[in-house]
Amino acid sequence: MRSARSPAGQPSAPLSEAGDNDRVAEILNQAIEVLPRLSSADKSILVILFVCKNLTLIDASLDNIFVRYENILRPHVNGIPKGIGAFEYLDGIGCINVNLVADHFPLSQRFYERYTPYIPKKEVDAPPVPGHAQPKMEVPSMNEADFLKRLESVSPSFASLHSVWNDRLFPNTTLTSVGKAIAHSILESKGSLRNAPLEIFLALD
């Protein structure tokens, strides 16, 4: 048996001798080595990427979810650095991967599709079927534009992030396992994650 500590210094559960748990321990050890080399702006980038690309919040209502996004993002959005230098640095030390030619979903579309199941439904006419009464179908009561307007009204920090998202390298960037471990540790230390162990986000075979 061996154990590891999260980058924030919290002890993790004991890990087994081999397999996925050993890989989690190795990732945590790498994250611990990298963490002292990160500025607060670097950490903000990692948290924002994790929240926007890897995390799906579960709550009783959309507005509850939007409030949680505000609480999570508020300490980090003002720390977004100008330019792309921080992204290049994080790429160089193994926290992120940047693909400048990748085609990525717009941020608003990403969130709308993620939380469509939470949107109340309305009944509309379905395409007609010859010889039958007009069929009905259920569709979300908010389109993407209405969803985004509501999200930005409840979470001004998300609105601020959305306004600069495409001006940085956020759309072209994904987190490495080390980057996920650091961001997860930061959020966990602030109580922003609920029953969401790191292993879920590493998708280890």
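In case you missed it, the structure is sitting above this.
Residues numbered from 1 in each chain as written. Predicted model: local features only at pLDDT ≥ 70, side-chain atom pairs only at ≥ 80, totals over all residues. Heavy atoms only, no water.

Novice: Quick question: what am I supposed to make of the overall build of the protein here?
Specialist: A tally of regular secondary structure across the protein gives nine helices and four strands. Starting at the N terminus, the α and β elements of the protein follow one another as α-α-α-α-β-α-β-β-α-α-β-α-α. Across the 205 residues in the protein, those meeting the buried criterion constitute 43%. A sequence separation of at least 24 residues applies to 69% of the contacts in the protein between residues at least 6 apart. As displayed, the protein offers around 10900 Å² of accessible surface, 51% of which is attributable to carbon and sulfur atoms. (Helix = DSSP H or I, 4+ residues; strand = E, 2+ residues; numbered from the N terminus. Buried < 20%, exposed > 50% of the residue type's maximum accessible area, 1.4 Å probe, protein only. Contact = heavy atoms within 4.5 Å. Areas by Shrake-Rupley, 256 points an atom, 1.4 Å probe, with all protein chains shown as cover.)

Novice: Help me understand helix α8 (residues 177-189), please; the structure alone is not making it clear to me.
Specialist: In an α-helix there are 3.6 residues to a turn, and that puts residues three or four apart on one side. With 13 residues, α8 extends 18 Å from end C-alpha to end C-alpha; this agrees with the ideal 18 Å at 1.5 Å per step. For α8, the tally of buried residues reaches ten of 13 residues, placing the bulk of the element in the interior. (Expected span 1.5 Å × (residues − 1).)

Novice: Which parts of the structure should I look at to understand the packing of helix α2 (residues 40-53) against helix α4 (residues 85-92)?
Specialist: For any two helices packed against each other, one specifies the inter-axial angle together with the distance between the axes. Across the interface, α2 lies against α4 with an axial gap of 10 Å and an inter-helix angle of 80°. The angle between α2 and α4 falls in the class roughly perpendicular. Contact residues: α2 offers Asp42, Ile45 and Leu46, while α4 offers Ala86, Phe87, Tyr89 and Leu90. Here the contact of α2 with α4 is composed, by residue class, of six nonpolar, no polar and one charged. (Axes fitted to C-alpha atoms, helices over the stretch in contact; angles between N-to-C directions. Parallel < 35°, antiparallel > 145°, perpendicular 65-115°, else oblique. Nonpolar A, V, L, I, M, F, W, Y, C, P; charged D, E, K, R; others polar.)

Novice: Would you mind showing me how to read the nonpolar core here?
Specialist: Buried together is how nonpolar side chains tend to be arranged in soluble globular proteins. Residues Cys95, Phe147 and Ile182 are the most contacted members of the largest nonpolar core, which totals 57 residues. Here this core gets eight residues from one element, more than from any other, and that element is α2. In this structure phenylalanine 147 touches Leu62, Phe66, Phe111, Tyr112, Tyr115, Ile119 and Met142, once residues within four positions along its chain are discounted. (Core = buried A, V, L, I, M, F, W, Y, C linked by side-chain atoms within 4.5 Å.)

Novice: Looking at this structure, how should I read the pattern of salt bridges?
Specialist: Here the idea is simple: oppositely charged side chains can pair when their charged atoms come close. Tallied over the full model, the rule gives five salt bridges. Aspartate 59 is the partner of arginine 68 in a salt bridge, and the nearest nitrogen-oxygen pair spans 3.4 Å. Lysine 136 is the partner of aspartate 125 in a salt bridge, and the nearest nitrogen-oxygen pair spans 2.4 Å. Residue aspartate 125 is found in strand β2 (residues 121-125), and its partner lysine 136 is found in strand β3 (residues 136-140); the two are separated by eleven residues along the sequence. Connected through salt bridges with shared partners, the residues Asp59, Arg68 and Arg194 form a single ionic network. (Salt bridge = Lys/Arg side-chain N within 4 Å of Asp/Glu carboxyl O.)

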